[in-house]
Amino acid sequence: MIKKVILTVMALVITVFYFYYNPAVQSFGPPCLIHKTTGLYCWGCGGQRAFHALLHGEFRMAFQYNALIFLVLPLLGVVLYAELFDDVRPFHYLRRRWVVLLAVGIFFLFTIIRNLDGFDFLIPTN
């Protein structure tokens, strides 16, 4: 029971925080080490700004910051649902080897593609 309360409170606190805090205006936390050292954008670059934009209904802006947010948030939602309601069915799918490999492959592919010429629309806007 305490685990469910903690998960619910954490999800609400993070959501409320990113609703009111705009990462595009002021920086929070350390900068991306991959981008800082290599100049390349990783799969997470722009994720905080995308989440903030999504919470404000700015879907196009969220896509411009990080298109992967539209895959990651539903997956996190399914995991949160499964944890809160003791539903093990989603974990049967999410723990399959091909699902994990597919997710990792998508993250790597997205990281590579967003750094190629011609895919500038995947680079997070400032």
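Residues numbered from 1 in each chain as written. Predicted model: local features only at pLDDT ≥ 70, side-chain atom pairs only at ≥ 80, totals over all residues. Heavy atoms only, no water.

Engineer: I'd like a description of the nonpolar core, backed by residues and values.
Structural biologist: Formed by Tyr-18, Tyr-21, Ala-50, Phe-51, Ala-53, Leu-54, Ala-62, Tyr-65 and Ile-69, the largest nonpolar core amounts to 9 residues. The set of elements that each furnish at least two residues to this core consists of α3 (47–55) and α4 (59–65). Here this core takes 4 residues from α3, the largest share from any one element. If we ignore the near neighbours within four places in the chain, the residues touching Tyr-21 are Gln-26, Ser-27, Phe-28 and His-52. (Core = buried A, V, L, I, M, F, W, Y, C linked by side-chain atoms within 4.5 Å. Buried < 20%, exposed > 50% of the residue type's maximum accessible area, 1.4 Å probe, protein only. Helix = DSSP H or I, 4+ residues; strand = E, 2+ residues; numbered from the N terminus. Contact = heavy atoms within 4.5 Å.)

Engineer: Mind laying out the packing of α3 against helix α5 (residues 69–84), listing which residues take part and the relevant values?
Structural biologist: Each pair of packed helices gets described by two things: the angle between the helix axes and the distance between those axes. Two elements in contact, α3 and α5, have axes separated by 11 Å at closest approach and are oriented at 75°. Comparing the axis directions of α3 and α5 gives the class roughly perpendicular. Contacts from Gly-47, Ala-50, Phe-51 and Leu-54 of α3 reach α5 at Ile-69, Phe-70 and Leu-73. Residue composition of the contact of α3 with α5, grouped by class: 6 nonpolar, 1 polar and no charged. (Axes fitted to C-alpha atoms, helices over the stretch in contact; angles between N-to-C directions. Parallel < 35°, antiparallel > 145°, perpendicular 65-115°, else oblique. Nonpolar A, V, L, I, M, F, W, Y, C, P; charged D, E, K, R; others polar.)

Engineer: An account of a nonpolar patch on the surface is needed here, citing residue identities and associated values.
Structural biologist: Taken together, the side chains of Met-1, Ile-2, Val-5, Ile-6, Val-9, Met-10, Val-13 and Ile-14 make up a nonpolar region of the molecular surface, amounting to roughly 800 Å² of accessible area. Of note, Val-5 is situated in helix α1 (residues 2–20). Relative accessible area serves as the criterion here: at 40%, Val-5 is assigned to the partly exposed category. (Patch = residues over 30% accessible without salt bridge, like charges linked within 9 Å, V, L, I, M, F, W, Y side chains within 5 Å. Areas by Shrake-Rupley, 256 points an atom, 1.4 Å probe, with all protein chains shown as cover. Salt bridge = Lys/Arg side-chain N within 4 Å of Asp/Glu carboxyl O.)

Engineer: I'd love a proper account of unusual backbone geometry, names of residues and values included.
Structural biologist: Phi angles above zero are rare outside glycine, and Asp-86 is one such case at about 50°. If you trace the backbone, Asp-86 turns up in the loop between α5 and α6 (89–94). The class for Asp-86 is exposed, based on a relative accessible area of 56%.

Engineer: Give me the layout of surface pockets: which residues, what numbers.
Structural biologist: Computed from the structure, the largest pocket encloses a volume of approximately 670 Å³. In terms of lining residues, the largest pocket is bounded by 21 residues, among which Ile-14, Phe-51, Val-72, Leu-73 and Leu-76 are the most central. Within the residue set of the lining of the largest pocket, elements represented by two or more residues are α1, α3 and α5. The greatest single-element share of the lining of the largest pocket, amounting to 8 residues, is contributed by α5. Its residues assigned to classes, the lining of the largest pocket comprises 14 nonpolar, 6 polar and 1 charged. (1 Å grid on protein atoms, 1.4 Å probe; cavity = no way out; pocket = protein on both sides within 12 Å on 5 of 7 lines; lining within 4 Å. Points joined across faces, edges and corners; volume = space filled by probe spheres on them.)

In short, the description is geometric, and any link to function would need to be established separately.
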